[in-house]
Amino acid sequence: VVEIVDRYDDACVPSNVTNKLAYIQNSTISKTCRRTLKVPKDMKQPIFVYYQLNNFYQNHRRYVKSRNDQQLRDASKANETTLCDPEKTRDGMAIVPCGLIAWSTFNDTYTFQHNTNNLSIDKTDISWKSDRDHKFGSDVFPKNFQKGPLIGGKTLNESIPLSEQEDLIVWMRTAALPTFRKLYGRIYVDLKENDTITVTLDNNYNTYSFDGKKSLVLSTSTWLGGKNDFLGLAYLTVGGLCFFLAFAFTLLYLIKPRKLGDNNYLSWNRNSAGH
């Protein structure tokens, strides 16, 4: 598996900016940034494009609960905003989709150029099919969304149903750990070693208020999936511990074996004493 990981949250803030939070919250300033990536080894298609966030606790109890699954699934439940605090209503009207998870959807965008040629990003089927078919309705459309004074993240096209807004669906499958990656799209072009990729990105998402980090990740995969050092280390650790314990118990049995009991006491038809 070949990976390119580029952290850009600090690099995409102008050097003369001292208050990063004020910078990211100022909508009048252009947030366009250009990054250059070098391919370390040959990368065979498909190449998966991820965004990675650090120190973002999507597993926080109040954050995870701030959604309404009935509203997401059924157009007739559009006014159902139970548990969606604090993003429930705006000007007396229900927000669709309501809740903090939808409100904070990631909204950085990426475009790629390779040898002066634009690389197209395929953003279809980046979410789970079960989510598209069963959790997000094809007749549910965004309404009254991101209309408040504080914009949390991505704005949604009100003419596209939620079942087709795959960036939202990917984001709303919350991560278990504070460092996570989410699929942005796929590139169906082979890249060669030492090729140069120019990335033009919009640095919109506010990670500066909670000391978070943002990274762009390009990765290949194998039949075993993507790169995951944790899984391999976990298997080796548990396997090594089991091997050590097996050796220790075998040694203990050889040095000081346990005294066996009398097998006669195991007979099923043995008469009890006194009978």
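Each remark here, short or long, concerns the structure printed above.
Being a predicted model, the structure only gives us computed values, none of them experimental.

## Structural notes on the overall build of the chain
If you tally the helices and strands in the chain, you get seven helices and ten strands. For 275 residues, the compact-globule estimate of 2.2 N^0.38 gives 19 Å, and the C-alpha radius of gyration of the chain, at 27 Å, exceeds that figure by more than 25%. With respect to the three principal axes, the spread of C-alpha positions in the chain is 95 × 55 × 40 Å. Within the chain, the proportion of its 275 residues that are buried is 38%. The distance from the centre of the 35 positive side-chain charges to the centre of the 28 negative ones in the chain is 7 Å.

## Regarding the state of the cysteines
Applying the stated criterion to the full structure yields two disulfides. A disulfide bridge connects C12 with C33, and the sulfur atoms are separated by 2.1 Å. Where C12 bonds to C33 through sulfur, the torsion about that S-S bond is close to -75°, and the disulfide is left-handed. One end of the pair, C12, is in the loop between β1 (3-7) and α1 (20-25); the other, C33, is in strand β2 (residues 32-38), with 21 residues separating them in the sequence. C33 carries the same exposure label as C12, and that label is buried. Cysteine pairing for the chain (bonded cysteines numbered in sequence order): 1-2, 3-4.

Here is what the cut-offs are and how they apply
- Residues numbered from 1 in each chain as written.
- Predicted model: local features only at pLDDT ≥ 70, side-chain atom pairs only at ≥ 80, totals over all residues.
- Heavy atoms only, no water.
- Helix = DSSP H or I, 4+ residues; strand = E, 2+ residues; numbered from the N terminus.
- Rg over C-alpha atoms; globule rule 2.2 N^0.38 Å.
- Buried < 20%, exposed > 50% of the residue type's maximum accessible area, 1.4 Å probe, protein only.
- Lys, Arg positive; Asp, Glu negative; His and termini not counted.
- Charge placed at Lys NZ, Arg CZ, Asp CG, Glu CD.
- Disulfide = S-S within 2.5 Å.

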